[in-house]
Amino acid sequence: MWPWEHLAFAYVLYSLTRNVLSRTAPSAQETIAIAVGSQFPDLLDKPLAWTFGVMETGYAVGHSIFAAPFIILVAYAVAARRGNRILAGAFAFAHLSHPVADLLNRVLSGRAVDLRIVLWPIESPPPATQGGFIDHFARYFIQYVNAIVAGGLTPQVVFQSLLALAVLALWLFDGAPVAADIWRGVHAQRQQ
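On a predicted model such as this, the values are computed, not experimentally measured, just so you know.

## What to know about the pattern of salt bridges
Enumeration over the complete set of coordinates arrives at four salt bridges. In this structure, the salt-bridge partner of Glu30 is Arg18, at a minimum N-O distance of 2.8 Å. Taken together, the residues Glu30 in helix α2 (residues 28-51) and Arg18 in helix α1 (residues 3-21) connect sequence positions 12 residues apart. Its relative accessible area of 19% is what places Arg18 among the buried residues. We note a salt bridge from Arg184 to Asp181, for which the minimum N-O separation is 2.3 Å. Taken together, the residues span about one helical turn, with Arg184 and Asp181 both in helix α7 (residues 179-191) at a distance of three residues. Residue Asp181 is classed as partly exposed on the basis of its relative accessible area, which comes to 37%.

Given below as structure tokens:
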């Protein structure tokens, strides 16, 4: 799954949950926590595997359901120090959505679900092909384009398109967090 898809998936789930349970939209800070949390597993695992060769695959510590409680505890400690514990909740929600989205993506692309990608260190995920970050990015991009050209409206493409529309609609409904704050700041500075 692409980084923006992880972000979109996490934002839609978090925003819907926040709007339904507390009748409030995510704040700009929560949106940033969602962005970081939704990318964290890949930001940790992919460089360790693809760039440094520490892991055999891009699914290890960051994707592990066994490491998640420790990662979330660290996020909670950081958020508590900043005096805003809700950020830890947003980060945790997004972080946990990442491996779920990876598994869902496998289903939508017609591949078998391989739970080994979330069971590190108990189970080792299948080894990845060799190469650096740029090599993997180029390979995944080419596969993505080929899938769209060859298959047209596959379940994966339909899901990705609906997800993009849902995140845009929700983000606008939520008041465009982050962008609206930046706009207000720029506007306030111009009036001074």
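We are not done yet, so read on.
## Let's talk about the layout of surface pockets
Empty space among the atoms can be located by rolling a probe the size of a water molecule over them. Computed from the structure, the second largest pocket encloses a volume of approximately 340 Å³. Taken together, 14 residues make up the lining of the second largest pocket; nearest its centre are Ala33, Ala75, Val78, Leu87 and Phe91. Contributing elements (two or more residues each) for the lining of the second largest pocket: α2, α3 (68-82) and α4 (86-108). With six residues, α3 is the largest single contributor of residues to the lining of the second largest pocket. Its residues assigned to classes, the lining of the second largest pocket shows 12 nonpolar, one polar and one charged.

About the cut-offs
- Here, residues in each chain are numbered from 1, in the same order as that chain's written sequence.
- For this predicted model, a pLDDT threshold of at least 70 governs which residues receive local features, and a threshold of 80 or more governs which side-chain atom pairs are given and counted, while totals over whole chains, interfaces and linings are taken from all residues.
- Each side-chain value is worked out from all heavy atoms of the structure, with water and hydrogens disregarded.
- Salt bridges are defined as contacts in which a side-chain nitrogen from Lys or Arg sits within 4 Å of a carboxyl oxygen from Asp or Glu.
- Numbered from the N terminus, helices here are DSSP runs of H or I no shorter than four residues, and strands are runs of E no shorter than two.
- In this scheme, a residue with accessible area under 20% of its type's maximum is buried, one over 50% is exposed, and one in between is partly exposed, where area comes from a 1.4 Å probe on protein chains only.
- In the cavity and pocket records, a cavity denotes points on a 1 Å grid over the protein atoms alone where a 1.4 Å probe fits but cannot get out, a pocket denotes an open set with protein on both sides within 12 Å along at least 5 of 7 lines, and lining residues are residues with an atom within 4 Å of a point.
- Grid points are joined across faces, edges and corners, and a volume is the space filled by probe spheres set on the points.
- In this classification, Asp, Glu, Lys and Arg are treated as charged, Ala, Val, Leu, Ile, Met, Phe, Trp, Tyr, Cys and Pro as nonpolar, and every other residue, Gly included, as polar.

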